[in-house]
Each structure stands twice: as C-alpha cells, then as structure tokens.
Amino acid sequence: MSLTSSLKDPTSTMSRFLTEHLPGADGLLSDYRRRMARYPAPVGPAARTEPRPEYRMLGHTIDHRLRISLGAPTGQPIKEGIVRAVIDDGGWPDPDVISTVQAAGAVLLKELDQYESSDGQPLALASETEERLVRLCHVASSFEAIFRHVGWVRGNSLGSSRPGATLDEIVAAVPPYIVDDIHQQMALAAHPGPFDGLRQLPAAQRVCGPVFNGSMHVGGADADFILRGR
C-alpha cells in the first residue's frame, strides 16, 4: 500500500496514528504529493509470461529433502495424500488424471523407500542423483498438499498431469528453478553446521513427518521432523 493510500485508508495503522497524533493531515498529504512529483513514478513488477514460482511448495520440498538426509523419506502425510487424491475439487482433475497420479504415487513411494536408512543420507549427493531426488521431493510435496487440504485444490501441479503419464514424466515436468533452488539450499546445509550434527543422532531420536491426533481439525497440521524430542 502506498503512503498516499495509507493516509486515506481509515483502517490503516498509519491513518489511525495520524488521526490521534496529527489531526488535520490534509496539509501533510498535499506537501507529500508535491514533493513526490519531482521523482519518477514507482516502477511495478514486469508482467510475467511464465507461472509464478511456487514459494510455499519450495518450502515443503526442502523439508522432504532434509527428511531424506535424516533417513525417513516419506512420512504419513505423503502416503495419506496419495489415498486422498480420490477427493476431487468440484470435478477437477478428471478421474483418469486422478488414477494416473495415484499410480505414479505408488511408484514414488517405492523409489523413496530406497533412501530409508537408520544412518540417514548425505546432505548432498552426486549431481544426477541429487537432481532426481529433488524432483521426487517436489512431487511428494504435491501429495502432501492433498493431505493437508483433504483433497485437491486447483493449482496443484499434479492435476495438470497427462492421463496415463508415468512417474518419470511427472518428475520431468518439475520446473528447473525448483531443482536449482533446492540444490543451493542443500549445498548450504552440507557445510559444517548444526544440521550435520543432528543427522548423527540415534535413529530413535530422528522422527520425521509425524501426524498428530486431531491434526485434520487444524488444517492437516503435522511436523517436518522432531529431533532429540524438539
């Protein structure tokens, strides 16, 4: 919100402050406009032709990648998301897309099982392996979104899958910027620091993706991981 609109908006914090401490702000507003006329108009963001980055999904994706480093790659939310994919959003996506996505999800779980280990996994793997893993984590995040919303929400990228698509096709459709971003985050995590020490905890002290009783009453709340009881 611009300063001008803030001054005129009776609900804004700035407007309430001026009303209490500087009544009759019309003179101030006129002076502000006069001074701002000397400067170029504010520049707005350029119109985007590509889809907006899924910043929230990036957060979920890095969480899944970190879970894999802790030796627990799936967690109940992903499994539940695959099951709950039958709950469409007012007829979207089509039933054949839903069955395709669920079949790919079953294959996803089997591939992620390969990373389950009481010793955990390195924070950074060989380049091709890491790229595949990041893409798998992003697809897993879309299933977790289905779990959290108790069904589909329009905009979930899985809903754009081709009927009959394989997991490889769905994984290949993950945008490159996601792979690059998570690569950079994992490179930072791989530096000597606290997370590497947390990976050394006994397996019983590394709990990943738990679902709590009653979580669906508060939007499908869960935890990403509980380490050393915290």
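Residues numbered from 1 in each chain as written. Predicted model: local features only at pLDDT ≥ 70, side-chain atom pairs only at ≥ 80, totals over all residues. Heavy atoms only, no water.

Focus: the overall build of the protein
The number of helices and strands found in the protein is ten helices and two strands. Each helix and strand of the protein, placed in order from N terminus to C terminus, yields the pattern α-α-α-α-α-α-α-α-α-α-β-β. In the protein, which comprises 230 residues, the share counted as buried stands at 39%. For the protein, the accessible area works out to roughly 13200 Å², and carbon and sulfur atoms hold 57% of it. (Helix = DSSP H or I, 4+ residues; strand = E, 2+ residues; numbered from the N terminus. Buried < 20%, exposed > 50% of the residue type's maximum accessible area, 1.4 Å probe, protein only. Areas by Shrake-Rupley, 256 points an atom, 1.4 Å probe, with all protein chains shown as cover.)

Observations regarding the side chain of D63
Along the chain, D63 falls in helix α4 (residues 55–69). An unpaired buried charge is present at D63: no salt bridge exists, and R67, the closest side chain of opposite charge, is 5.7 Å distant. When neighbours within four sequence positions are excluded, D63 is seen to be in contact with D224 and F225. (Lys, Arg positive; Asp, Glu negative; His and termini not counted. Salt bridge = Lys/Arg side-chain N within 4 Å of Asp/Glu carboxyl O. Contact = heavy atoms within 4.5 Å.)

Concerning helix α6 (residues 95–113)
An ideal rise of 1.5 Å per residue puts 27 Å on 19 residues; α6 measures up with 27 Å between its terminal C-alpha atoms. Close packing links the buried residues of α6 with α4, α5 (76–83), α7 (127–149) and α8 (167–172). (Expected span 1.5 Å × (residues − 1).)

Focus on the confidence of the model for the protein
Mean pLDDT over the protein stands at 83; residues scoring 70 or higher make up 85%. Of all secondary-structure elements in the protein, the lowest mean pLDDT belongs to helix α1 (residues 3–8), at 50, while α8 reaches the highest, 97. (pLDDT = per-residue confidence, 0-100.)

Re the nonpolar core
Core analysis: the largest hydrophobic core is formed by 41 residues, its most contacted members being L108, V139, F143 and L158. Top contributing element to this core by residue count: α7, with eight residues. Not counting residues within four places of it along the chain, the set of residues in contact with L108 comprises L136, V139, A140, F143 and L167. (Core = buried A, V, L, I, M, F, W, Y, C linked by side-chain atoms within 4.5 Å.)

Topic: the packing of α4 against helix α9 (residues 176–190)
Where α4 meets α9, the closest approach of the two axes is 10 Å, and the angle between their N-to-C directions is 50°. With respect to α9, the axis of α4 lies oblique. Where α4 crosses over α9, the handedness of that crossing is right-handed. Between α4 and α9, the contacting residues are L58, T61, I62, R65 and L66 on the first element and Y177, I178, D181, I182, Q185 and M186 on the second. Within the contact of α4 with α9, the residues separate by chemical class into seven nonpolar, two polar and two charged. (Axes fitted to C-alpha atoms, helices over the stretch in contact; angles between N-to-C directions. Parallel < 35°, antiparallel > 145°, perpendicular 65-115°, else oblique. Left-handed = near helix turned anticlockwise from the far one by under 90°. Nonpolar A, V, L, I, M, F, W, Y, C, P; charged D, E, K, R; others polar.)

What about the environment of P163?
Within the fold, P163 resides in the loop between α7 and α8. Sequence-wise, P163 and V97 are 66 residues apart; in three dimensions their C-alpha atoms are separated by 4.8 Å. With sequence-adjacent residues up to four places away left out, P163 is seen in contact with D96, V97 and T100.

Quick word on the side chain of R135
Here R135 lies in helix α7. By relative accessible area, R135 is classed as buried at 12%. Look past the residues within four positions of R135 in its chain and what remains in contact with it is V171, A172, V174 and V179.

Brief notes about unusual backbone geometry
Across residues other than glycine, the phi torsion is negative in most instances, and most of the peptide bonds are trans. Residue P93 follows W92 across a cis peptide bond; omega there is -5°. Mapped onto the elements of the fold, P93 is located in the loop between α5 and α6. Residue V150 is not a glycine yet carries a positive backbone phi of 55°. Along the chain, the position of V150 falls in the loop between α7 and α8. Despite not being glycine, R228 shows a phi value in the positive range, around 55°. With respect to the secondary-structure elements, R228 resides in the segment after β2 (225–227).

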